[in-house]
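Observations on the three-dimensional arrangement
Here is what each chain is made of, one letter per residue.
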Amino acid sequence: MSNLDSVRIIKIFFFLVSVSIHAQPMLESGKTIGSGNEYIELSILGYPVKPNSQWQYSQSQLQKQIGVSDKWEMRYAIATGQNSEEFHLSILAGLQYRIHEKGNWSGSLSATVSYLQGDQIIPQNKFWYSASHISKNEIELNINLGLCQNTLEDPFHPLIAAGWVFPTLYKSKFIHLEIYLQPGANSALQIGYDFSKNNHQTLLMIAYNAQGPPAFSILRSL
């Protein structure tokens, strides 16, 4: 392989892995966590306000999921963000219901509502269907289809996303690849590396949005 080819591959790689403000740390699963189980995650996101800017936008989100039964799940989340001009806040509550599970497929319907102060951190109102499939090679596919409203003044817009989780040669280590297709410059492609250990997930994500600068996020289950 020539040096020129190597440079091109490196450029393509960083093009693919460079995040949008609206990209999520991880796609929603069609599976539920089960009766009596709880899952807590903390995600932190940071990126320049614009290319070569000295101002940074930072965001943190804490989410808790509670298994009410084998099919029903509740979730709560709070997120804060800060840029050079404004403090942002969002508080979310929602429900998930597993509507089918057959073989390696499972699917759920979910809905959330949130209080929002400032720009979009967590969508104000969201309704979606999520499906999950695990192949014989232990590759997990997650698909999200739905409607999302960023603020009460905005119209609902479609939410389309797909993601794959690939196992690596190392035990409990995974590669995440996610694609988000949304109007309003919210489309994004992101990739991550999962350092799961002892049932605790640590996920590093990098993403790219053609409308904005690169950004990085880290997700940790507590």
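Residues numbered from 1 in each chain as written. Predicted model: local features only at pLDDT ≥ 70, side-chain atom pairs only at ≥ 80, totals over all residues. Heavy atoms only, no water.

**Regarding the overall build of the chain**
A tally of helices and strands in the chain yields 1 helix and 12 strands. Across the 222 residues of the chain, 42% fall into the buried class. (Helix = DSSP H or I, 4+ residues; strand = E, 2+ residues; numbered from the N terminus. Buried < 20%, exposed > 50% of the residue type's maximum accessible area, 1.4 Å probe, protein only.)

**Focus on the packing of aromatic side chains**
Going through the model one piece at a time under the given rule, you end up with 2 aromatic pairs. With 4.6 Å between their ring centres and 80° between their planes, Y193 and F195 make a pair best called edge-to-face. On the accessibility criterion, Y193 (25% relative accessible area) is partly exposed. Over the ring of W128 we find K126; its NZ or CZ atom is 4.4 Å from the centre of that ring. (Phe/Tyr/Trp six-rings, centres within 6.5 Å; stacked < 30°, edge-to-face > 60°. Lys NZ or Arg CZ within 6 Å of the ring centre and 35° of its normal.)

**Side note on the pattern of salt bridges**
Enumeration over the complete set of coordinates arrives at 5 salt bridges. Taking the shortest distance from any N to any O, the salt bridge between E28 and R75 comes out at 2.9 Å. Placement of the pair is E28 in the loop between α1 (3-17) and β1 (38-48) and R75 in strand β3 (residues 72-82), with a sequence separation of 47 residues. R75 gets classed as buried once you look at its relative accessible area, which sits at 3%. One salt bridge in this structure joins K31 and E140, with 3.4 Å as the shortest N-O distance. Residue K31 is found in the loop between α1 and β1, and its partner E140 is found in strand β7 (residues 140-149); the two are separated by 109 residues along the sequence. Its relative accessible area of 33% is what places K31 among the partly exposed residues. Residue classification places E140 among the buried positions, given a relative accessible area of 18%. Several salt bridges share partner residues, and in doing so they unite E28, E73 and R75 into one network. (Salt bridge = Lys/Arg side-chain N within 4 Å of Asp/Glu carboxyl O.)

**Overview of the confidence of the model for the chain**
With 77% of its residues at a pLDDT of 70 or more, the chain has an overall mean of 79. Put simply, α1 is where the chain has its lowest mean pLDDT, 40, and strand β6 (residues 125-134) is where it has its highest, 94. Residue range residues 6-25 is modelled with pLDDT below 50. Its contacts to residues more than four positions away, or to other chains, number 47 contacts. (pLDDT = per-residue confidence, 0-100. Contact = heavy atoms within 4.5 Å.)

**Describing a nonpolar patch on the surface**
On the surface, L42, I44, L62, I78, I91, Y115, F195, L204, I218 and L222 cluster together to form a nonpolar patch covering roughly 850 Å² of accessible area. Looking at where Y115 falls in the secondary structure, it is placed in strand β5 (residues 105-117). (Patch = residues over 30% accessible without salt bridge, like charges linked within 9 Å, V, L, I, M, F, W, Y side chains within 5 Å. Areas by Shrake-Rupley, 256 points an atom, 1.4 Å probe, with all protein chains shown as cover.)

**Considerations on the pairing of strand β9 (residues 174-181)**
When strand β8 (residues 157-167) meets β9, the two strands line up antiparallel, connected through 8 bridges. Note on β9: the bridge partner recorded for G163 is E178. Hairpin connection from β8 to β9: 6 residues lie between these consecutive antiparallel strands, with S172 at a positive phi of about 65°. Relative to strand β10 (residues 188-194), β9 runs antiparallel, the two sharing 7 bridges. Within β10, the residue paired with E178 across the bridge is Q190. (Pairing = 2+ DSSP bridges.)

**Here's the deal with the pairing of β10**
Where burial is concerned, most of β10 is hidden: 5 out of the 7 residues are buried. Pairing between β10 and strand β11 (residues 202-208): 6 bridges, direction antiparallel. Bridge pairing links Q190 to A207 in β11.

**Things to note about unusual backbone geometry**
Phi at E138 is positive, roughly 65°, even though this residue is not glycine. Relative to the elements of secondary structure, E138 occurs in the loop between β6 and β7.

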